[in-house]
Amino acid sequence: GHTSLSFREGELEVLRYLGWRLRAVPPLHVIGYFLAKGATFEDDTWQGRTLIAKIPKYVKKYAEFFCNLTLQEYAFQQYLPTHLAAAILLASRVALQLEPRWRPELARLTGYDESEIADIFQHVWGYYIEQFPEHGARSISPRSVIGHLSTYS
């Protein structure tokens, strides 16, 4: 059998192997930073109309939803958290039908042009459609995302 001391020795061996680097920054934390700095703009349009006051809240809900969704699939671990967070921000804007879908201000904020996150966005969006095929044929609403959030909480 194992004793608590043998488990402790095993944990120390793992810590030494990792060089005592235990900290990971998940995309959700990066998204929080992006949203705090501002991810919607006065001249954005929503479904062809001017923004309503609730849109930033909806962008946050979508971003949290996509962060949680990507946590469910190991394949997303290959991306840097900042890179994945930028693609998630783009997915949130696309899901809400915000135009333009990516802006120079977002490129400055995230450090990525849309072309640099296009492949990761396609991965996120494709995985979303795969998991929720009923949303592929229509635009998704904030209410449907809120409903799915409870699945991942």
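Owing to the predicted nature of the structure, the values given are computational and were not obtained by experimental measurement. (Residues numbered from 1 in each chain as written. Predicted model: local features only at pLDDT ≥ 70, side-chain atom pairs only at ≥ 80, totals over all residues. Heavy atoms only, no water.)

**Some thoughts on the sheet that holds strand 2 (residues 49–50)**
Right, on to step 1. If you walk across this open sheet you meet the three strands as 2-1-3, and the pairing is antiparallel. Each edge of the open sheet carries a strand with a single partner, namely strand 2 and strand 3 (98–99).
Right, on to step 2. In the sheet, strand 1 (residues 45–46) pairs with strand 2 via two bridges, with the strands oriented antiparallel. Bridge pairing in strand 2 places Trp-46 opposite Arg-49. (Pairing = 2+ DSSP bridges. Helix = DSSP H or I, 4+ residues; strand = E, 2+ residues; numbered from the N terminus.)

**Some words on the nonpolar core**
Right, on to step 1. In this structure, Ile-31, Phe-66, Ile-88, Leu-89, Trp-102 and Val-124 are the most contacted members of the largest nonpolar core, which totals 39 residues.
Right, on to step 2. Not counting residues within four places of it along the chain, the set of residues in contact with Leu-89 comprises Ile-31, Phe-34, Leu-35, Ala-39, Val-59, Trp-102, Leu-106 and Thr-110. (Core = buried A, V, L, I, M, F, W, Y, C linked by side-chain atoms within 4.5 Å. Buried < 20%, exposed > 50% of the residue type's maximum accessible area, 1.4 Å probe, protein only. Contact = heavy atoms within 4.5 Å.)

**Points about the pattern of salt bridges**
Right, on to step 1. Tallied over the full model, the rule gives six salt bridges.
Right, on to step 2. Two residues, Arg-93 and Asp-44, come together in a salt bridge whose shortest N-O distance is 3.0 Å. Here Arg-93, found in helix 4 (residues 81–95), pairs with Asp-44, found in the loop between helix 2 (27–37) and strand 1; they are 49 residues apart in sequence, far enough to count as distant. We note that Arg-93, like Asp-44, is buried.
Right, on to step 3. Among the ionic pairs, Glu-64 bridges to Lys-60, the shortest N-O distance being 2.7 Å. You can see Glu-64 and its partner Lys-60 sitting in helix 3 (residues 55–71), four residues apart, about one turn around the helix.
Right, on to step 4. The partly exposed category is assigned to Lys-60, whose relative accessible area is 42%.
Right, on to step 5. In the salt-bridge network here, residues are joined through shared partners; they are Asp-43, Asp-44, Arg-93, Arg-103 and Glu-105. (Salt bridge = Lys/Arg side-chain N within 4 Å of Asp/Glu carboxyl O.)

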